[in-house]
Amino acid sequence: MKKLLLLIPAFVILLTLSSSAQISDLDMNKGLKQALQQGVSKSADQLSAVNGFFGNAAIKILFPPQAQKAEKTLRRIGLGKLCDNVILSLNRAAEDAAKQAKPIFIDAIKHMTLEDVSNILLGGQDAATQYFRRTTTPQLTASFTPVVKGSLDKVGATKYYGDAANEYNKIPFVSKMNPDINAYVTQKAIDGLFYEIALEELNIRKNIGARSTPLLQKVFAFADKNK
């Protein structure tokens, strides 16, 4: 009997639980996907707005770690405005790229299986965020890379960062600063998105007031009771 139970997929057990709690598979599937669409849409909209990155201290993009020594040196020799322009332009590029995120996340939600839904609903507080990391990172990287490059050029980041690198590299005896900033901003833009999505996920799991529809209230009440 024990061997037989071990062979039963986890999601079958979860569906049995859902039935006993008077929640249908359809409600569970529809409710979680509704919550995820709400969360990712809000996150993408916030970050793609002006100052979505630049005005958020938690995800604001600064000089790369390996270039922060160069930044201090440039500020010390009177090039603080150039450094400020670099930082602003990096964040503007990320805000521009974030506009591409929503359809990628929505597509990932549409392709969730019932097992995915069950595992996320009854999983840890960042189960949905981790699902998105696994399923959307390659697409986000592919989509963001050309947009970030174009945005960096458009807002002057390529020029500003290149100017900063060139000015720093003129200083004798310093380790040279790499003027290529594209991959760094792409990764920071993606990290910022996942950071915001994790906050939205935590909010709807912990804050009953964030469950804005009867279906969301029903589905997450079920999750609260079965964890």
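These numbers come from a predicted model, not from an experiment.

A count of helical and extended segments in the chain gives 11 helices and zero strands. Ordered by position from N to C terminus, the α and β elements of the chain give α-α-α-α-α-α-α-α-α-α-α. Going through the 227 residues of the chain one by one, you find that 45% of them count as buried. If you sum the accessible surface of the chain, you get close to 11,900 Å²; carbon and sulfur atoms cover 58% of it.

Let us look at the packing of helix 5 (residues 80–97) against helix 9 (residues 157–169). Taken N-terminus to C-terminus, the directions of helix 5 and helix 9 make an angle of 145 degrees; their axes are 8 Å apart at the nearest point. Where helix 5 crosses over helix 9, the two elements pack in a sense that is left-handed. Contacts between helix 5 and helix 9 involve L82, N85, V86, S89 and L90 from the former and A157, Y160, Y161, D163, A164 and E167 from the latter. When grouped by side-chain class, the residues that make up the contact of helix 5 with helix 9 number seven nonpolar, two polar and two charged.

Here the focus is the packing of aromatic side chains. Enumeration over the complete set of coordinates arrives at three aromatic pairs. Ring plane angle 70 degrees and centroid distance 5.2 Å describe the contact between F105 and F132, whose orientation is recorded as edge-to-face. Residue F105 is found in helix 6 (residues 101–110), and its partner F132 is found in helix 8 (residues 127–154); the two are separated by 27 residues along the sequence. Residue F105 is classed as buried on the basis of its relative accessible area, which comes to 0%. Centroid distance Y131 to F132: 5.8 Å. Interplanar angle 65 degrees. Geometry classified as edge-to-face. Assigned by exposure class, Y131 and F132 land together as buried. Each member of the aromatic cluster is reached from another via a ring pair, and the members are F105, Y131, F132 and F194.

Core analysis: the biggest nonpolar cluster contains 62 residues, and F105, L121, F132, F144, M177 and V185 have the highest contact counts within it. Ignoring any residue separated from it by four or fewer positions in sequence, one finds V185 in contact with I61, L90, A93, A94, V148 and L152.

In this section: the environment of G162. Along the chain, the position of G162 falls in helix 9. Here the alpha-carbon distance between G162 and M177, two residues 15 residues apart in the chain, equals 9.3 Å.

Right, let's get into the environment of G52. Tracing the backbone through its elements, the reader meets G52 in the loop between helix 3 (25–48) and helix 4 (68–76). Taking the C-alpha atoms as reference points, G52 and A94, 42 residues apart in sequence, are found 8.7 Å from one another. Contacts of G52, omitting those with residues within four sequence positions, involve Q46, L47, I59 and E95.

Let us look at the pattern of salt bridges. Evaluated as defined, the whole model comprises 11 salt bridges. Among the ionic pairs, E200 bridges to K42, the shortest N-O distance being 3.5 Å. Placement of the pair is E200 in helix 10 (residues 182–206) and K42 in helix 3, with a sequence separation of 158 residues. The partly exposed category is assigned to K42, whose relative accessible area is 38%. In the salt-bridge network here, residues are joined through shared partners; they are E71, R75 and D84.

A word on the side chain of S89. Structurally, S89 can be placed in helix 5. On the basis of relative accessibility, which here comes to 2%, the residue S89 falls in the buried class. In terms of polar contacts, S89 uses its side chain to reach the backbone carbonyl oxygen of N85, at 2.9 Å. In terms of polar contacts, S89 uses its side chain to reach the backbone carbonyl oxygen of V86, at 2.8 Å.

Moving on: helix 5. Since there are 3.6 residues in each turn of an α-helix, residues three or four apart along the chain are aligned in direction. Between its first and last C-alpha atoms helix 5 spans 26 Å; for 18 residues at 1.5 Å apiece the expected length is 26 Å, and the two agree. Most of helix 5 is tucked away: 14 of the 18 residues are buried.

Here we come to the environment of K188. Take K188: it is sitting in helix 10. K188 sits 94 residues away from A94 along the chain, and the two C-alpha atoms are 7.8 Å apart. Once residues lying within four places of it in the same chain are set aside, the contact partners of K188 are F53 and I61.

Criteria and thresholds
Residues numbered from 1 in each chain as written. Predicted model: local features only at pLDDT ≥ 70, side-chain atom pairs only at ≥ 80, totals over all residues. Heavy atoms only, no water. Helix = DSSP H or I, 4+ residues; strand = E, 2+ residues; numbered from the N terminus. Buried < 20%, exposed > 50% of the residue type's maximum accessible area, 1.4 Å probe, protein only. Areas by Shrake-Rupley, 256 points an atom, 1.4 Å probe, with all protein chains shown as cover. Axes fitted to C-alpha atoms, helices over the stretch in contact; angles between N-to-C directions. Left-handed = near helix turned anticlockwise from the far one by under 90°. Contact = heavy atoms within 4.5 Å. Nonpolar A, V, L, I, M, F, W, Y, C, P; charged D, E, K, R; others polar. Phe/Tyr/Trp six-rings, centres within 6.5 Å; stacked < 30°, edge-to-face > 60°. Core = buried A, V, L, I, M, F, W, Y, C linked by side-chain atoms within 4.5 Å. Salt bridge = Lys/Arg side-chain N within 4 Å of Asp/Glu carboxyl O. Polar contact = N/O pair within 3.5 Å; in protein donor to acceptor, adjacent residues only side chain to side chain. Expected span 1.5 Å × (residues − 1).

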